[in-house]
Each structure stands twice: as structure tokens, then as C-alpha cells.
Amino acid sequence: MNPSVKIAGIDRPEEMLRAASSRNRDAIQTGRVELRVGSVTDLPYVASHFDKAFSINCIYFWENPVQGLKELNRVLKPGGVLAITVRDGNRYQAFRPKKLANMLAHAEFVNVRVLNNGISAHPLNCALGLKQASP
Ligand SMILES: C[S@@+](CC[C@H](N)C(=O)[O-])C[C@H]1O[C@@H](n2cnc3c(N)ncnc32)[C@H](O)[C@@H]1O
């Protein structure tokens, strides 16, 4: 909604890049959105580049979730914010709030908390963490 914000996105398969590029054609043309093929465990960005990072419904598929979170930590600026959203429920045991919060802590995020959307028909948890600001 803020036209001055620039957004970068990655996914692994070319077909996802094509689908996302088609949906975001206008924003890509104006330079607001840049999409690439890549993996969260080896992000094609320099360190301390982004103010915020967001992922929804993805972390369960990462081959190494903590390594992915560490990569997100690397590309965030000090004080940058990470938000990881997941489905809540028994099918997602490995990503229940405490476990998700521990993963963020292992990836050196601080002030970690997990919020629930409170919608029983579609329960989601969102883990928030900050990259430690420089001393
Ligand atoms: C269930 S889809 C979610 C897509 C979208 N965020 C949504 O909620 O509709 C999970 C996505 O994670 C991607 N993915 C899995 N492992 C990945 C990795 N290591 N790096 C980047 N993307 C990955 C998959 O290719 C897939 O597009």
C-alpha cells in the first residue's frame, strides 16, 4: 500500500516465479517488486539489505528451517523484523508456537513472540522476531 516500499520475493521452482510474475506484472514494471528463483537457505542478496522479511505457509517445506531463518537474519538490517506465518493445529506439530519461537531464537532473533489470529476456522500463528541491533 505504500508506494515507496520495494519488495523482493523468491521461490524455488520456475513455475512459481512465472505465476508470481504474472500476478505482480504492474508492480514489477514500475520497479516496486523484484522476483527471483532461489532458496531461503542460500538467499541471493547481500547482508543487511532488508528492513523486513515475511514468509507464509512455507517454513514446513524448507529442507533446513533453522538454516533458512539464519539466512533471513543475515539479509535483514540490524533491528529488522522477521514474520513467519504458519497454520496452527496438530498437522503442524513441528511448528507449534514454542517450537517455532525456539527456531527463531536459534537463528539469533531476539524479542521473539508468537501471535495467533484467533480465527478458529483458519487458525494461523505468526512468529515475530528482531535481528539484534548493532551495539
Ligand atoms: C504451500 S506454498 C506457499 C505459497 C504462498 N506463500 C501461499 O501461502 O500461498 C510453499 C512454497 O514454499 C516454497 N519453498 C519450499 N522450500 C523452499 C526453499 N528452500 N526456498 C524457497 N522456497 C521454498 C515452495 O516452492 C512453495 O512455493
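That block above? That's the structure.
First, a word on scope: everything that follows refers to the structure included in this document. Values in this document were obtained by computation on a predicted structure and should not be read as measured data. (Residues numbered from 1 in each chain as written. Predicted model: local features only at pLDDT ≥ 70, side-chain atom pairs only at ≥ 80, totals over all residues. Heavy atoms only, no water.)

A count of helices and strands for the chain gives 4 helices and 6 strands. The N-to-C order of helical and strand elements in the chain reads β-α-α-β-β-α-β-α-β-β. Against the 2.2 N^0.38 benchmark of 14 Å for 135 residues, the chain shows a C-alpha radius of gyration of 15 Å, consistent with a compact globule. Overall, the chain is about 45 × 40 × 30 Å in size when its C-alpha atoms are taken along their principal axes. Here the chain, with 135 residues, has 33% of them falling under the buried criterion. For the chain, the proportion of contacts with a sequence separation of at least 24, taken over those separated by at least 6, is 67%. With an accessible surface of roughly 8,600 Å², the chain has 54% of that area assigned to carbon and sulfur atoms. On the chain, the mean spot of the 18 positive side-chain charges and the mean spot of the 11 negative ones are 6 Å from each other. (Helix = DSSP H or I, 4+ residues; strand = E, 2+ residues; numbered from the N terminus. Rg over C-alpha atoms; globule rule 2.2 N^0.38 Å. Buried < 20%, exposed > 50% of the residue type's maximum accessible area, 1.4 Å probe, protein only. Contact = heavy atoms within 4.5 Å. Areas by Shrake-Rupley, 256 points an atom, 1.4 Å probe, with all protein chains shown as cover. Lys, Arg positive; Asp, Glu negative; His and termini not counted. Charge placed at Lys NZ, Arg CZ, Asp CG, Glu CD.)

Turning to the packing of aromatic side chains, a few remarks are in order. Applying the stated rule across the entire model yields 4 aromatic pairs. With a centroid separation of 5.0 Å and 90 degrees between ring planes, the pair formed by Tyr45 and Phe50 is classed as edge-to-face. A single burial state applies to Tyr45 and to Phe50, both of which are buried. Look at Tyr60 and Tyr92: their rings are 4.8 Å apart centre to centre, the planes differ by 40 degrees, and that puts the pair in the tilted class. (Phe/Tyr/Trp six-rings, centres within 6.5 Å; stacked < 30°, edge-to-face > 60°.)

Right, let's get into the site of the ligand. As a matter of local geometry, the ligand sits amid 13 residues, with Asp11, Met16, Ser39, Val40 and Ile56 nearest to it. Ser39 is positioned such that a nitrogen or oxygen atom in its side chain is 3.1 Å from a nitrogen atom of the ligand. The side chain of Asn57 places a nitrogen or oxygen atom 3.4 Å from an oxygen atom of the ligand. Residues that form the shell around the ligand fall into these classes: 7 nonpolar, 3 polar and 3 charged. Residues from two domains meet in the shell around the ligand; each of domain 1 (1-38) and domain 2 (41-131) gives at least three. (Near = heavy atom within 4 Å. Polar contact = N/O pair within 3.5 Å; in protein donor to acceptor, adjacent residues only side chain to side chain. Nonpolar A, V, L, I, M, F, W, Y, C, P; charged D, E, K, R; others polar. Domains from an automatic or database assignment.)

Once that is clear, we can look at the sheet that holds strand E6 (residues 124-131). Read from one edge to the other, the open sheet built from 4 strands follows the order E3-E4-E6-E5, with strand pairing classed as mixed. Looking at strand neighbours, the two that pair on one side only are strand E3 (50-56) and strand E5 (109-116), the edges of this open sheet. Adjacent strand axes in the sheet meet at a mean angle of 15 degrees when their direction is disregarded. With 7 bridges connecting them, strand E4 (residues 76-87) and E6 associate as antiparallel partners. For Ala83, the partnering residue across the bridge sits in E6 and is Leu128. Packing against the sheet, helix H3 (residues 65-75) makes contact with E3, E4, E5 and E6, and its axis sits at approximately 145 degrees to E4. Each of E4, E5 and E6 is contacted by helix H4 (residues 97-106), which is oriented at about 160 degrees to E5, the strand it contacts most. (Pairing = 2+ DSSP bridges. Axes fitted to C-alpha atoms, helices over the stretch in contact; angles between N-to-C directions.)

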